[in-house]
Amino acid sequence: MADSSWTASLAAVITQIAAALIFMALLFGGVRLAIGRTLVDRIVAIDMLTVISLSLIALYAHVSGRFVYIDVALVYGLLSFLAVLAIARFLEKGL
């Protein structure tokens, strides 16, 4: 029994470290979005923020035990990828 409580506390610590790293990445992504000098810098920062939010959704799915949120993260990631492709095409060729 003592072995399972040790692994549960280790899992809780790892989850807290992951959450702290995700929020730190959100902070750095927001700073990059705010001080980006060019439009491309800002678009890359927005894409980075969507990837970070995907990891936040996955972490929440793990913590809450509701893995339906993984499906939400997959759809969100696909839509984010398509949006970045559309913006890149717009920047290169225009409408």
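Note that the structure is predicted; figures quoted are calculated from it, not measured.

Regarding the overall build of the protein
Turning to step 1, where the next piece is worked out: Scanning the protein for helices and strands turns up three helices and zero strands.
Turning to step 2, where the next piece is worked out: On C-alpha atoms alone, the protein measures out to a radius of gyration of 17 Å, which is more than a quarter above the 12 Å that the 2.2 N^0.38 rule sets for 95 residues.
Turning to step 3, where the next piece is worked out: By its C-alpha atoms, the protein is 65 × 30 × 15 Å across when sized along the principal axes.
Turning to step 4, where the next piece is worked out: By residue count, 16% of the 95 residues in the protein fall in the buried class.
Turning to step 5, where the next piece is worked out: Accessible surface, the protein: about 7,100 Å² in total, of which carbon and sulfur atoms supply 75%.
Turning to step 6, where the next piece is worked out: A distance of 13 Å separates the average location of the 6 positive side-chain charges in the protein from that of its 5 negative side-chain charges.

Topic: the packing of aromatic side chains
Turning to step 1, where the next piece is worked out: In the structure shown here, the tally under the stated rule is one aromatic pair.
Turning to step 2, where the next piece is worked out: Where Tyr-60 meets Tyr-69, the ring centres are 5.3 Å apart and the plane angle is 50°; that geometry is what we call tilted.
Turning to step 3, where the next piece is worked out: Overall, the relative accessible area of 48% leaves Tyr-60 in the partly exposed class.
Turning to step 4, where the next piece is worked out: The partly exposed category is assigned to Tyr-69, whose relative accessible area is 27%.

Notes on the UniProt feature "transmembrane region" (unreviewed entry) in the protein
Turning to step 1, where the next piece is worked out: Residues given the UniProt feature "transmembrane region" (unreviewed entry) here are residues 6–31, 43–61 and 67–91.
Turning to step 2, where the next piece is worked out: When the span residues 6–31 is considered, its composition is 100% helix and 0% strand, and the gap between its end C-alpha atoms is 38 Å.
Turning to step 3, where the next piece is worked out: Across residues 43–61, the secondary structure splits into 100% helix and 0% strand, with the terminal C-alpha atoms separated by 27 Å.

The rules behind the values
Residues numbered from 1 in each chain as written. Predicted model: local features only at pLDDT ≥ 70, side-chain atom pairs only at ≥ 80, totals over all residues. Heavy atoms only, no water. Helix = DSSP H or I, 4+ residues; strand = E, 2+ residues; numbered from the N terminus. Rg over C-alpha atoms; globule rule 2.2 N^0.38 Å. Buried < 20%, exposed > 50% of the residue type's maximum accessible area, 1.4 Å probe, protein only. Areas by Shrake-Rupley, 256 points an atom, 1.4 Å probe, with all protein chains shown as cover. Lys, Arg positive; Asp, Glu negative; His and termini not counted. Charge placed at Lys NZ, Arg CZ, Asp CG, Glu CD. Phe/Tyr/Trp six-rings, centres within 6.5 Å; stacked < 30°, edge-to-face > 60°. UniProt positions renumbered as here; feature names shortened; annotations may be inferred.

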